[in-house]
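Secondary and tertiary structure notes
What follows is each chain in one-letter form.
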Amino acid sequence: MKGYAMLKIGESGWIEKERPKCGPMDAICRPLAVAICTSDVHTLWEGAIGDRHNMILGHECCAEVVEVGELVKDFKPGDRVLVPAITPDWNSLEAQAGYSMHSGGMLAGWKFSNFKDGVFSEFFHVNDADGNLALLPKNINVVDACMLSDMVPTGFHGVELADVQFGDTVLVIGIGPVGLMSVAGTNMRGASRIIAVGTRPVCVEAAKKYGATDFVSYKNGPIFQQVLDMTDGKGVDKVVIAGGGVETFAEAVKCLKPGGKIGNVNYLGSGDNIDIPRVEWGVGMGHKQINGGLMPGGRLRMEKLGALVSAGKLDVSPLSTHVFDGWDHLEEALFLMRDKPKDLIKPVVKFAD
């Protein structure tokens, strides 16, 4: 089979590999559509998770099942499925402890394009098919289905980590595709005011549709100063970090009220340390909590989030601004995500309707 791979840091291209083998609890799938993630950019061009050689990229897709193992009960060849970016080993001790995304070690629930070939290929392998796949609702198209693999669950997890409650004032830092889903999730959780940090007009307009009430531009000075000015010096109840770098945490801490919480789902692709401002953190006693987490994967999560889209409670269509047809456009879509033109939110390549 052919796949689009990271050859080494900074280099990518098409390669030939053997079709993966199907274990007794597993499935082999073929993608119906794939989406490009900023994480692919961090991995390929920044070497954020270290060097990888001839590793097929990609972790966002929806798919058709082509083969299942003899112990798989709930899926069969021909099923159209949602595929989460995170595919835990559900019998692991970490999963039993409530942290399935770290099954087998830190971040080890993230298999595709981390230590296992990803989904930018004619066929790909899914471990624990019954635990990780979910049937694709018939009224969700393949482009929207790709958003359920990563953008929706990651953005919503930031909201969960920040513990957004009814009436909260919430700051969402970064309104790319993940941040937009954090805005949507924050709005669903009942926040009274949602302050979004971002500048690209296409993202600002989408954020308004998802419930953002106010906007901050990092180009206009320190984020924390603008937020404090907007809130009469009080700050915000919660912060979701969905963009920026290691320096963003200092801004978030300065914006936060005592007892507030920060939920980070941003992939920190570079930098060695995160600085926490001592005084604004209450000299260590401000009850300002920082939670960072990888999105939960698994079938139940996919079914529930898919139900939101299927029922019309969540519209993910604004995320897919650039849609291509056919494998020939995959590299173009990847480079587009790297370069991020002003009219881009998310590129998707589809192979079926």
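Above this note sits the structure.
Here we summarise the structure given alongside this text. If you're wondering where the values come from, they're calculated on a predicted model, not measured in any experiment.

1. Things to note about the overall build of the protein
When its secondary structure is counted, the protein shows 11 helices and 16 strands. For the protein, whose C-alpha radius of gyration is 20 Å, the value lies close to the compact-globule estimate of 20 Å for 353 residues. Per-residue burial over the protein gives 58% buried out of 353 residues. Long-range contacts, defined here as pairs at least 24 residues apart, represent 73% of the contacts in the protein between residues at least 6 apart. For the protein, the exposed surface amounts to about 14700 Å²; the carbon and sulfur share of it is 52%. Measuring between centres, the 35 positive side-chain charges of the protein sit 4 Å from its 43 negative side-chain charges.

2. Topic: the layout of surface pockets
Leftover empty space is mapped by rolling, across the atoms, a probe with the size of a water molecule. Of the volumes computed, that of the second largest pocket is approximately 170 Å³. Taken together, Phe156, Val159, Glu160, Gly185, Met188, Arg189, Arg301, Leu305 and Leu308 make up the lining of the second largest pocket. Those elements that place two or more of their residues in the lining of the second largest pocket are helix H5 (151-162), helix H6 (177-188) and helix H10 (299-310). For the lining of the second largest pocket, the class distribution of residues is five nonpolar, one polar and three charged.

3. Comments concerning H5
Given 3.6 residues per turn, any residue in an α-helix points the same way as the ones three and four places further on. The first and last C-alpha atoms of H5 sit 17 Å apart over 12 residues, in line with the 16 Å expected at 1.5 Å per residue. The buried count for H5 comes to 11 of 12 residues, which makes it a mostly enclosed element. Among the residues of H5, those classed as buried are Met151, Val152, Pro153, Thr154, Gly155, Phe156, His157, Gly158, Val159, Leu161 and Ala162.

4. Observations concerning the side chain of Ser320
Residue position: Ser320 is located in strand S15 (residues 320-325). Setting aside its immediate chain neighbours within four residues, Ser320 contacts Val143, Met147, Lys346 and Val348.

5. Here's the deal with the sheet that holds strand S14 (residues 289-292)
Strand order in this open sheet of six strands is S11-S10-S9-S12-S13-S14, and the pairing throughout is parallel. For this open sheet the edge positions go to strand S11 (214-216) and S14, each flanked by a neighbour on one side alone. Mean inter-strand twist for the sheet, computed between neighbouring axes without regard to direction, equals 20°. In this structure, strand S13 (residues 256-264) lies alongside S14, joined through four bridges in parallel fashion. Looking at S14, one finds that Gly263 is bridged to Asn291. Along the sheet, helix H8 (residues 223-230) contacts strand S9 (169-173), strand S10 (193-197), S11 and strand S12 (236-241); its crossing angle with S11, the most-contacted strand, is approximately 150°. Packing against the sheet, helix H9 (residues 248-255) makes contact with S9, S12, S13 and S14, and its axis sits at approximately 145° to S13.

6. Focus: the sheet that holds strand S2 (residues 11-16)
Taken in spatial order, the three strands make up an open sheet running S2-S1-S4, and their pairing is antiparallel. A strand with exactly one partner marks an edge of an open sheet, and here the two such strands are S2 and strand S4 (55-56). Across the sheet, helix H1 (residues 38-46) touches strand S1 (2-8), S2 and S4, and the angle it forms with S1 is around 50°.

7. Description of the packing of H6 against helix H7 (residues 201-210)
The geometry of H6 relative to H7 is characterised by a closest axis approach of 8 Å and an angle of 15° between their N-to-C directions. By the criterion of interaxial angle, the relationship of H6 to H7 is roughly parallel. Both H6 and H7 take part in a crossing whose hand is right-handed. Contact with H6, carried on its side by Leu180, Met181, Val183, Ala184 and Asn187, involves Cys203, Ala206, Ala207 and Tyr210 of H7 and no other residues of that element. For the contact of H6 with H7, the residue count by class is eight nonpolar, one polar and no charged.

Reading the values: rules and limits
- All chains use their own residue numbering, which begins from 1 and follows the written sequence.
- In keeping with the model being predicted, local features are shown solely for residues with a pLDDT of at least 70 and side-chain atom pairs are shown and tallied solely at 80 or more, while totals for entire chains, interfaces and linings include all residues.
- The basis for every side-chain value is the complete set of non-hydrogen atoms in the structure, without hydrogens or water.
- Each helix is a run of DSSP H or I of at least 4 residues and each strand a run of E of at least 2, with the numbering of both proceeding from the N terminus.
- Our radius of gyration is a C-alpha quantity, and the globule rule it is checked against amounts to 2.2 Å times the number of residues to the power 0.38.
- Residue exposure (1.4 Å probe, protein chains only): buried if accessible area is under 20% of the type maximum, exposed if over 50%, otherwise partly exposed.
- The contact criterion used throughout is that any non-hydrogen atoms of two residues lie within 4.5 Å.
- Every accessible area reported is derived by Shrake-Rupley at a probe size of 1.4 Å, with residue values counting cover from the shown protein chains alone.
- Residues counted as positive are Lys and Arg, residues counted as negative are Asp and Glu, and His and the chain ends are not counted.
- Where a charge lies is defined by one atom per residue type: Lys uses NZ, Arg uses CZ, Asp uses CG and Glu uses CD.
- A pocket here means an open set of points on a 1 Å grid, computed over the protein atoms alone, that has protein on both sides within 12 Å along at least five of seven lines. A cavity is instead a set of points where a 1.4 Å probe fits but cannot get out; residues with an atom within 4 Å of a point line either one.
- Grid points are joined across faces, edges and corners, and a volume is the space filled by probe spheres set on the points.
- Amino acid classes used here: Ala, Val, Leu, Ile, Met, Phe, Trp, Tyr, Cys and Pro are nonpolar; Asp, Glu, Lys and Arg are charged; the rest, including Gly, are polar.
- A helix's residues, less one, multiplied by 1.5 Å, set its expected span.
- Two strands pair if DSSP finds at least two bridges between them.
- Axis geometry follows a simple rule: fit a line to the C-alpha atoms, using only the stretch in contact for helices, then measure angles between N-to-C directions, giving values from 0 to 180 degrees.
- Each angle is binned into one of four classes, with values under 35 degrees roughly parallel, values over 145 roughly antiparallel, values of 65 to 115 roughly perpendicular, and all other values oblique.
- Helix crossings are classified by the rotation of the near helix relative to the far one: an anticlockwise turn of less than a right angle makes the crossing left-handed, while a clockwise turn makes it right-handed.

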